[in-house]
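# Per-entry structural report
So the chains spell out like this:
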Amino acid sequence: WTQIATRFKNYDEHLMFGGLNEPGMNTLGKFDATSTAALIKYEQAFIDAVRATGGNNASRTLIVQGPNTNIDQTYNLFDVSKFSDSVSNRLMVEVHFYDPWQFTGMTEDASWGKMWYYWGTGNTGDSNRTATSTTTESYVSGQMAKMKSKFVDKGIPVIIGEYGANYRFTGDATHNASIKAYYKAVNQYSIANGCVPFAWDTNALSYPNMTVINRSGLSINNQYMMSGITEGVNAATWPY
């Protein structure tokens, strides 16, 4: 980070640094108070290294990641006041959002559950391929509200640094509607709770994929994703 920060120290405030990507444990989901304290030490080293290079880095906004960049673990365990910074109000929190995993990312059935192809109010298909009602729009809204109450309301910005759902196959109107509904919900409810969402775009054209933009073709690859993003942004109101 000293090398990176030195190279970019004269760039203006549009550049922000994120210290880690999806910091985790060897056994996922096992963060507790002790391991979170260790994570904070790593991120404190990042903050100190960047600030020490001077220039615009002395006041640049830096992004710290919660445990596994998971909303629940970050909400329960992550305390930004534990960080020491030489400048005030220049730390931002990052989480990622791929929930429910059975709909967004699961690529084969497992003993604990099956892949879901259908998600959102009114988007019902085969019973074993449809997301449970407790994981649809109200769930997304509730998860984003956690970030608002824990951080945004206290003046700490939050980014949803990655979110997305795999488009699994073509020719299924209910799956298409599900993808659109998911992208709409994440954008609408993250913005409504003061969080800035960033779609994870895989830039792959084979299935499954999370590709919104066809970069080689300079075109929209998935109109359902793009429409969901647009409708979600238009439906949302920033809370400040």
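Before reading on, note that the structure itself is shown above.
Residues numbered from 1 in each chain as written. Predicted model: local features only at pLDDT ≥ 70, side-chain atom pairs only at ≥ 80, totals over all residues. Heavy atoms only, no water.

What follows covers the nonpolar core. Residues Phe 78, Phe 97, Val 158 and Tyr 183 are the most contacted members of the largest nonpolar core, which totals 45 residues. At the level of secondary structure, the elements contributing two or more residues to this core comprise helix H2 (33-52), strand S2 (62-65), strand S3 (91-97), helix H5 (137-150), strand S4 (158-163), helix H6 (173-192) and helix H7 (223-235). In terms of residue count, the dominant contributor to this core is H6 (six residues). Setting aside residues up to four positions removed in sequence, Phe 97 forms contacts with Ile 71, Tyr 139, Val 140, Gln 143, Met 144, Ile 160, Glu 162, Tyr 163, Gly 164, Tyr 182 and Val 186. (Core = buried A, V, L, I, M, F, W, Y, C linked by side-chain atoms within 4.5 Å. Buried < 20%, exposed > 50% of the residue type's maximum accessible area, 1.4 Å probe, protein only. Helix = DSSP H or I, 4+ residues; strand = E, 2+ residues; numbered from the N terminus. Contact = heavy atoms within 4.5 Å.)

Before going further, it helps to spend a moment on the sheet that holds S2. Taken in spatial order, the five strands make up an open sheet running S1-S2-S3-S4-S5, and their pairing is parallel. Sheet topology places strand S1 (17-18) and strand S5 (195-199) at the edges, where each strand pairs with a single neighbour. Bridging between S4 and S5 involves four bridges; their strand directions are parallel. Note that in S5 the partner of Tyr 163 across the bridge is Ala 199. Across the face of the sheet, H5 comes into contact with S3, S4 and S5 while running at roughly 160 degrees to S3. Lying over the sheet, H6 contacts S3, S4 and S5, oriented at roughly 155 degrees with respect to S5. (Pairing = 2+ DSSP bridges. Axes fitted to C-alpha atoms, helices over the stretch in contact; angles between N-to-C directions.)

We now examine H5. If you check H5, its first and last C-alpha atoms are 20 Å apart, about what 14 residues at 1.5 Å a residue would give, namely 20 Å. Burial in H5 covers these residues: Glu 137, Val 140, Gln 143, Met 144, Met 147 and Lys 150. Along its buried surface, H5 packs onto helix H3 (71-77), S3, S4, H6 and S5. (Expected span 1.5 Å × (residues − 1).)

To continue, consider the pattern of salt bridges. Tallying each qualifying case throughout the model produces seven salt bridges. Ionic pairing is found between Glu 231 and Lys 180, a salt bridge with its closest N-O pair at 2.9 Å. One end of the pair, Glu 231, is in helix H7; the other, Lys 180, is in helix H6, with 51 residues separating them in the sequence. Classification of Lys 180 as partly exposed rests on a relative accessible area of 27%. For Arg 215, the salt bridge is made with Asp 201, and the minimal N-O distance between the two is 3.3 Å. (Salt bridge = Lys/Arg side-chain N within 4 Å of Asp/Glu carboxyl O.)

Looking now at the environment of Lys 9. By secondary structure assignment, the location of Lys 9 is in the loop between helix H1 (2-8) and S1. Given a relative accessible area of 28%, Lys 9 falls into the partly exposed group. Note: C-alpha distance between Lys 9 and Glu 94 (85 residues apart in sequence) is 22 Å. Dropping the residues within four chain positions of it, Lys 9 is found in contact with Thr 53, Gly 54, Gly 55, Asn 56, Asn 57 and Arg 60.

Let us look at the packing of aromatic side chains. For the coordinates displayed, the defined rule picks out 17 aromatic pairs. Each ring, one from Trp 238 and one from Tyr 240, has its centre 5.9 Å from the other, and the planes form 35 degrees; the classification is tilted. Overall, the relative accessible area of 63% leaves Tyr 240 in the exposed class. Among the aromatic side chains, those forming a connected cluster through ring pairs are Phe 97, Phe 103, Trp 119, Tyr 139, Tyr 163, Tyr 182 and Tyr 183. Over the ring of Phe 8 we find Arg 7, and its NZ or CZ is 5.3 Å from the ring centre. Above the plane of the ring of Tyr 75 lies Lys 150, whose end atom (NZ or CZ) is 5.7 Å from the centre. (Phe/Tyr/Trp six-rings, centres within 6.5 Å; stacked < 30°, edge-to-face > 60°. Lys NZ or Arg CZ within 6 Å of the ring centre and 35° of its normal.)

The side chains of a regular strand alternate between both faces of the sheet. Within S3, seven of the seven residues are buried, which leaves the element mostly enclosed by the surrounding structure. Across the two faces of S3 the burial is the same, with Leu 91, Val 93, Val 95 and Phe 97 and Met 92, Glu 94 and His 96 all buried. In this structure, S2 lies alongside S3, joined through four bridges in parallel fashion. Paired with Val 64 across the strands is Val 93, a residue of S3. Across five bridges, S3 lies against S4 in parallel orientation. Each residue of the ladder has a partner; that of Val 93, found in S4, is Val 158.

Moving on, we come to the environment of Trp 116. With respect to the helices and strands, Trp 116 occurs in the loop between helix H4 (101-104) and H5. For Trp 116, a relative accessible area of 9% corresponds to the buried category. In sequence terms Trp 116 and Thr 130 are 14 residues apart; their C-alpha atoms lie 5.2 Å from each other. Those residues in contact with Trp 116 that lie beyond four places of it in its chain are Pro 100, Gln 102, Phe 103, Asn 128, Arg 129, Thr 130, Ala 131, Thr 132, Thr 135 and Arg 168.

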